[in-house]
Amino acid sequence: MPFSVSWHTLLDELDDLPEGATLITPLSHNRFRVTDVQEQRVVIEFLDRDIDETRPLQRDQFETLYRRITDEPDGFELDRLPPDADPYPAVLSVHPRFEIDEDRGVIVEKEGPTSSQLLDAEGEAEADEEERTEPDLDVYADAFLLVDALERHEVDVLEEMDTDALVNLYTLLSDVQRNANDLRQDVADVLLNRLHHDRPVSGPFGSVQRTTRRNRSLKDDEEVLATLEEAGIGRERVMGVDRDKVDDALEVTELSESDVYEVEQSEYIRKAEVDEERKETRLQGLKDQLAASEDEEAEELRQEIEDLEDRIDELTSFRTGSEIES
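What counts and how
- Residues numbered from 1 in each chain as written.
- Predicted model: local features only at pLDDT ≥ 70, side-chain atom pairs only at ≥ 80, totals over all residues.
- Heavy atoms only, no water.
- Polar contact = N/O pair within 3.5 Å; in protein donor to acceptor, adjacent residues only side chain to side chain.
- Helix = DSSP H or I, 4+ residues; strand = E, 2+ residues; numbered from the N terminus.
- Pairing = 2+ DSSP bridges.
- Contact = heavy atoms within 4.5 Å.
- Axes fitted to C-alpha atoms, helices over the stretch in contact; angles between N-to-C directions.
- Patch = residues over 30% accessible without salt bridge, like charges linked within 9 Å, V, L, I, M, F, W, Y side chains within 5 Å.
- Areas by Shrake-Rupley, 256 points an atom, 1.4 Å probe, with all protein chains shown as cover.
- Salt bridge = Lys/Arg side-chain N within 4 Å of Asp/Glu carboxyl O.
- Left-handed = near helix turned anticlockwise from the far one by under 90°.
- Nonpolar A, V, L, I, M, F, W, Y, C, P; charged D, E, K, R; others polar.
- 1 Å grid on protein atoms, 1.4 Å probe; cavity = no way out; pocket = protein on both sides within 12 Å on 5 of 7 lines; lining within 4 Å.
- Points joined across faces, edges and corners; volume = space filled by probe spheres on them.
- Lys, Arg positive; Asp, Glu negative; His and termini not counted.
- Charge placed at Lys NZ, Arg CZ, Asp CG, Glu CD.
- pLDDT = per-residue confidence, 0-100.
- Core = buried A, V, L, I, M, F, W, Y, C linked by side-chain atoms within 4.5 Å.
- Buried < 20%, exposed > 50% of the residue type's maximum accessible area, 1.4 Å probe, protein only.
- Phe/Tyr/Trp six-rings, centres within 6.5 Å; stacked < 30°, edge-to-face > 60°.

**Student:** Provide a residue-level description of helix 7 (residues 221-230), including the pertinent values.
**Tutor:** The residue sitting at the N-terminus of helix 7 and contributing the capping side-chain oxygen is aspartate 220; that oxygen lies 3.1 Å from the backbone nitrogen of glutamate 222. In the segment just after helix 7, glycine 232 is the residue with positive phi, at about 90°.

Dropping the structure here:
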């Protein structure tokens, strides 16, 4: 099929998009809308706060992408796209024969029905209006208790807080840190299967990037020593003191620890135990209090929370790499 036919089919599909329809780029996951459809180009406008930009997408670039896709029977790999070309496959996916497979990191041509990068604008609005549900996560409950503790104490002057309040605060901070890190790792495992390139992928609060870490471990001691000796490196140059063997030697001699170690002693605080029942009781009390409050003070508190969320959004909004370099 010649490109001109596919191009005009795409333009017709774009013209038929509902008002306010939102697309999302497959790599950076930036949201945008099509604002104008012309014979030689498609004009888009990004919706994310960190990208204030209207951009024309040229027909000849769509044709180049079309050729690459049709030349690849298993699909064109998205990480081969040039910089800033992320919107092109998203727009092309509106065509009924092209589909993006984010799990494989490709855009492919198909004969049957396909899905697109089009977000359900109506469904998204309805979801925003729905009442939020409480996730069954330990970090959520601990974070809720931590916020309550932070609001009830003058934590900017820790020296003036009572000891029991400090103990509670330290316990909650420790629990949030542990459970948040567990959840962070679970999220990272899922993201690792979705990111197929080493370019940053942006969200409202920041960006993530797939990277590679090298871990080294020595081979068998004798193999390493023999290899080095063949290269002219004597054993005495690489042989060191094994800490475990030194500790074993201390147990069977009259030497003291200070004879072979430089010992520095420091003190620290660690969490000894957690009263989970007390935490659950306090958490349920907070939930019941919030659910039952309908007075003017509760409404003011809700408004303060909304204002706080807005301030957090402003403070944590992410700037793109191009904005930082400019």
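**Student:** Outline the sheet that holds strand 5 (residues 76-77), supporting the account with residue identities and numerical values.
**Tutor:** The sheet built from three strands is open, its strands ordered 5-7-6 with antiparallel pairing. Both edges of this open sheet fall to strand 5 and strand 6 (98-101), since each of them pairs with a single strand only. The strands touched by helix 2 (residues 59-71) within the sheet are strand 5, strand 6 and strand 7 (106-109), with strand 7 carrying the most contacts at an inclination of about 80°.

**Student:** So what's going on with a nonpolar patch on the surface? Which residues, and what values?
**Tutor:** Taken together, the side chains of Leu137, Tyr140, Leu183, Val187, Leu191 and Val208 make up a nonpolar region of the molecular surface, amounting to roughly 430 Å² of accessible area. Here leucine 191 lies in helix 6 (residues 163-192).

**Student:** Can you tell me about the sheet that holds strand 8 (residues 118-119), naming the residues and giving the values?
**Tutor:** The antiparallel open sheet is built from five strands, whose spatial order is 4-3-2-1-8. Of all the strands in the sheet, just strand 4 (54-58) and strand 8 have a single pairing partner and so form its edges. Its contacts with the sheet place helix 2 against strand 3 (41-46) and strand 4, and it is angled at close to 55° to strand 4.

**Student:** I'd like to hear about the packing of helix 1 (residues 3-15) against helix 2, residue by residue, with values.
**Tutor:** Two elements in contact, helix 1 and helix 2, have axes whose closest approach is 11 Å; the angle formed by their N-to-C orientations is 115°. The interaxial crossing formed by helix 1 with helix 2 has right-handed handedness. Every residue of helix 2 that contacts helix 1 at Phe3, Ser4, Ser6, Trp7, His8 and Leu10 is listed here: Arg59, Phe62, Glu63, Tyr66 and Arg67. The class makeup of the residues in the contact of helix 1 with helix 2 is five nonpolar, three polar and three charged.

**Student:** Got a sec to walk through empty space enclosed by the protein? Specific residues and values, please.
**Tutor:** Per the counting criterion, the structure on display carries one cavity of 30 Å³ or more. What lines the largest cavity is a set of 11 residues, and nearest its centre among them are Pro26, Leu27, Gly105, Arg194 and His196. Of the residues assigned to the lining of the largest cavity, the class counts are four nonpolar, four polar and three charged.

**Student:** With reference to specific residues and values, describe a negative patch on the surface.
**Tutor:** Taken together, the side chains of Asp220, Asp221, Glu223, Asp242, Asp244, Asp248 and Glu251 make up a negatively charged region of the molecular surface. Of all the elements in the fold, those that place two or more residues in the negative patch are helix 7 and helix 8 (243-251). Relative to the helices and strands, aspartate 220 is located in the loop between strand 10 (207-208) and helix 7.

**Student:** Quick rundown of the confidence of the model for the protein chain? Include the residues and the values.
**Tutor:** On average, the protein chain scores 79 in pLDDT, and the residues at 70 or more come to 77%. Model confidence for the protein chain, summarised as mean pLDDT per element, is weakest for helix 12 (residues 321-325) at 41 and strongest for helix 3 (residues 87-92) at 94.

**Student:** Tell me what's going on with the nonpolar core, and back it up with residues and numbers.
**Tutor:** It is characteristic of soluble globular proteins that their nonpolar side chains tend to be buried jointly. Counting residues in each nonpolar core, the largest one holds 28 residues, and the members touching the most others are Leu10, Phe62 and Val91. When contributions to this core are tallied by element, the ones reaching two or more residues are helix 1, strand 3, helix 2, helix 3 and strand 6. Among the elements that make up this core, the one with the highest residue count is helix 1 (five residues). Not counting the four nearest positions on each side in its chain, leucine 10 is found in contact with Phe62, Val91, Leu92, Val94 and His95. Judged by nonpolar contacts, the second largest core, of eight residues, contains Leu145, Ala149, Met161 and Leu169.

**Student:** I'd like to hear about the pairing of strand 2 (residues 31-37), residue by residue, with values.
**Tutor:** Relative to strand 2, strand 1 (residues 22-24) runs antiparallel, the two sharing two bridges. Across the sheet, residue leucine 23 finds its bridge partner in strand 2, namely phenylalanine 32. A loop of six residues connects strand 1 with strand 2, the two strands running antiparallel in sequence, and histidine 29 in this loop sits at a positive phi of about 55°. Connecting strand 2 to the next strand, strand 3, in antiparallel fashion are three residues.

**Student:** For the packing of aromatic side chains, give the residues involved together with the corresponding values.
**Tutor:** The full count for this structure, using the stated rule, is six aromatic pairs. A centroid spacing of 5.4 Å and a plane angle of 45° characterise the contact between tryptophan 7 and phenylalanine 62, whose relative ring orientation is tilted. Residue tryptophan 7 is found in helix 1, and its partner phenylalanine 62 is found in helix 2; the two are separated by 55 residues along the sequence. Among the residues examined, phenylalanine 62 registers a relative accessible area of 0% and is labelled buried. Taken together, the aromatic side chains of Phe3, Trp7, Phe62, Tyr66, Tyr88 and Phe98 make up a single cluster linked through ring pairs.

**Student:** Give a detailed account of the side chain of aspartate 86, specifying residues and quantitative values.
**Tutor:** Following the sequence through the fold, aspartate 86 ends up in the loop between strand 5 and helix 3. Apart from residues no more than four positions distant in its own chain, aspartate 86 is found in contact with Thr25, Pro26, Leu27, Ser28, His29 and Leu81.

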